[in-house]
Amino acid sequence: MLIRVRTPEGTHRIEMEPQEALALLLERLAPIMKAPTPDAILLTRDPAGQQIIAEFEQSIVSLGLKHGDMLFARIAASARPSEEPRGTSVSGGGTQPGAETANTNKPGFIKQDPVDYELEKDDGLIKRKRDPKFCKHGPNAMCEYCLPVEPYDKEHLVKNNIKHMPFYAFLRQILSQYKVSGDISGSIPPNLPLPLDDPNYCVKPNCTSGHLPWPEGICSKCQPPAITLQRQTFRMVDNVEFATPDLIQRLLSFWRNSRCQRFGLLYGRYARSTDIPLGVKAVVEAIYEPKQSLEEDGVRVAVDSVEFEEEIKRVDAVADACGIKPIGMIFTDVEPADEPNKVIYRRHANSYFLTALECRLAAYMQNRHKNASRWAGNGHFGSKFVTCCVTGNQDGDIDVTAWQISNSAMAMQEADLIVPSNAPSKMCVHGATKTRYVPDVFYTYMNEYNLKVSANTKPAFPIEYLLVNLTQGFPLDPHPLFSSDKPFAIENRDHIHQGQTLGMLKRHVESAQASPELLRQLFMDFHFLVYISSLGFLSQEEVQLAGHIVRESDASASVQFATQLIESAGWQTLQLALQEASAADLGHTGAGSAMEHITEAGFSGTGSANTPQSAAAGGNSSTWACRHCTFVNSAGQDSCDMCALPRD
């Protein structure tokens, strides 16, 4: 099929297949338009540039495009070289209007989330009904009492008890100083300084004042300013929506079976909130539970280790194929109460909402997942990464709370200024060293005379100054992305004897051989996709094909993708491996031990099978059961993985 694309240089005809992704169209269009990258092309459905197409991973058919349809393309303004000046940074993350600066380093093309392009087109005006007392005009007129108000209007925020306005309301509040309003999805005016800047509490490098570089020398120009902590007036995400309650129930099943806490990463997407003007919601489609060790009072996750990076990199590749990405983290803090079917209510205003250690972890994760923004001088501003806690509420029931950490806390974590204290509700400020410069940090509070006073944070300060609270819930009409009616086992649950094995995989696959629809349902499970991808049999193209099965909204087209994957070389190799290894694999868990056992069973891994060998060749069993706790261990272990007691 042919897709016509009108550009400033003329009209071009691009030949595409119906099932090809829109990203391929941009790749073929980039050399024609001489764009620096395919992402620099802004594709719209109308010549005015209002209906932006940002779903690059979807197919041509799923976007509703037909043979001969006309699209409009131009190179985004932020991708063109520019010498426009930028404003100087002030407290609060904005810039001063009219400020002069000699810095002309402007970021290249910034690829934002699709929800950002959608919200840039909306003015966010809040409509008001006609006031029967003060409005004296007819139904087709307006006055100051019924005129729509801006989303950042102070009276509106106070009247509706809004502590944190949406991010795009905050952005429009700054842009109103430059007389910019309405649709801001077009090119940034050349005389407009970029209005957003993340706070930076590190010593500025390459100071030109003539002194030795830090730590040998420092001056007032390169040292960070004093920090005054206060409540952040905006939030990057307003609501966390779990696609289905089953996500929380499956996470809690680990605690119900072991009475141990659990940590997981949230995978999903960002969408527009229909309840909040200019609001953003994080839609959670899956929860991945990385490798973690159980502690007496929680869990330990090595988020800065190489093993964690490699594990999450594999999961992110599968998530990207399914059209989702990491959007947050979640952990449980549940303890049974003395009353039956009740849990302890421990997180409240008189104790703490998040501990200091959890706040620092959240700040670390938000710094790893910064929010791309073309309105920021360095190309990013804040983070949309959310933190959820499953704990008891005041009624003794299990509930979910959602939080974010402020931009100031992210900057303090990045500059290594904060450290958790022994008290869960207090955060300490690091002491200055020869290599760490610590500016003065203050926070404000209301004293006993109801006056606002400022206090030094030494030795500690309340963590409430770092928190931004969010709302959370479930949709009234759920349409989850992963809708398998036969869920696969969750990863890394060997502690409760629920590990993923090749034998389990074989039984799961055989149960779906009856019809193409069952084959499609087989792949509608995130944990199943991650496990088969970790085995190493599927190529990158075949993993992408599995993602098409999940993303395709048309059931018949999704079944066709599933049939193509079943017929692929990688899947046939996996089937052969399951036939060779599943008979003796009932005790093996994890991708590594599964691959080792496939080799032991006689499978070479190159598409050919050797004669199967006996699992007990040489008189040694491939597994052994612990005589103390009955946990099934691999043959190479001298002690039990569960209870750590010796084998003999």
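Structure report, in brief. (Residues numbered from 1 in each chain as written. Predicted model: local features only at pLDDT ≥ 70, side-chain atom pairs only at ≥ 80, totals over all residues. Heavy atoms only, no water.)

Examining the pattern of salt bridges
No. 1: Within this structure, the stated rule accounts for 24 salt bridges.
No. 2: Here E414 ties to K370 by a salt bridge, and the two come within 3.2 Å at their closest N and O atoms. Here E414 is found in helix α8 (residues 407-414), whereas its partner K370 is found in the loop between α7 (356-368) and β14 (386-392), with 44 residues between them in sequence.
No. 3: For E414, a relative accessible area of 48% translates into the label partly exposed.
No. 4: Relative accessible area serves as the criterion here: at 28%, K370 is assigned to the partly exposed category.
No. 5: The salt bridge partner of K506 is E510, with a shortest N-O separation of 2.2 Å. With K506 and E510 both in helix α9 (residues 502-510) and 4 residues apart, this pair spans about one turn of that helix.
No. 6: For K506, a relative accessible area of 22% corresponds to the partly exposed category.
No. 7: Each of the salt bridges in this network shares a partner with another, and the network as a whole consists of D333, E335, R346, R347 and E358. (Salt bridge = Lys/Arg side-chain N within 4 Å of Asp/Glu carboxyl O. Helix = DSSP H or I, 4+ residues; strand = E, 2+ residues; numbered from the N terminus. Buried < 20%, exposed > 50% of the residue type's maximum accessible area, 1.4 Å probe, protein only.)

So, the sheet that holds strand β19 (residues 452-456)
No. 1: Taking strand neighbours across the sheet as the criterion, the 3 strands line up as β6-β18-β19 in an open arrangement whose pairing is mixed. Each end of this open sheet is capped by a strand with a single partner; those strands are β6 (227-229) and β19. The average undirected angle you get between the axes of adjacent strands in this sheet is 30 degrees.
No. 2: As judged from the 5 bridges shared by strand β18 (residues 441-446) and β19, these two strands associate in the antiparallel manner. Paired with T444 across the bridge in β19 is S454. (Pairing = 2+ DSSP bridges. Axes fitted to C-alpha atoms, helices over the stretch in contact; angles between N-to-C directions.)

Things to note about helix α13 (residues 555-566)
No. 1: With 12 residues, α13 ought to run about 16 Å at 1.5 Å a step, and its terminal C-alpha atoms sit 16 Å apart, in line with that.
No. 2: For α13, the complete set of buried residues consists of A557, S558, V559, F561, A562, L565 and I566. (Expected span 1.5 Å × (residues − 1).)

A word on empty space enclosed by the protein
No. 1: The full count for this structure, using the stated rule, is 5 cavities of 30 Å³ or more.
No. 2: Considering only enclosed or pocket space, the second largest cavity measures out at about 90 Å³ in volume.
No. 3: As for the second largest cavity, its lining consists of 13 residues, of which I41, L42, F56, F109 and Y117 are closest to the centre.
No. 4: Per element, the largest residue contribution to the lining of the second largest cavity is 3 residues, and it comes from strand β3 (residues 41-44). (1 Å grid on protein atoms, 1.4 Å probe; cavity = no way out; pocket = protein on both sides within 12 Å on 5 of 7 lines; lining within 4 Å. Points joined across faces, edges and corners; volume = space filled by probe spheres on them.)

Focus on the nonpolar core
No. 1: In this structure, Y267, L505, F523, F526, F528 and L529 are the most contacted members of the largest nonpolar core, which totals 80 residues.
No. 2: Ignoring sequence-local partners within four residues, the contact set of F523 consists of F528, L529, I532, I549, V550, A562, L565, I566 and W571.
No. 3: Counting residues in hydrophobic clusters, the runner-up holds 50 residues, among them Y152, Y168, V390 and V468. (Core = buried A, V, L, I, M, F, W, Y, C linked by side-chain atoms within 4.5 Å. Contact = heavy atoms within 4.5 Å.)

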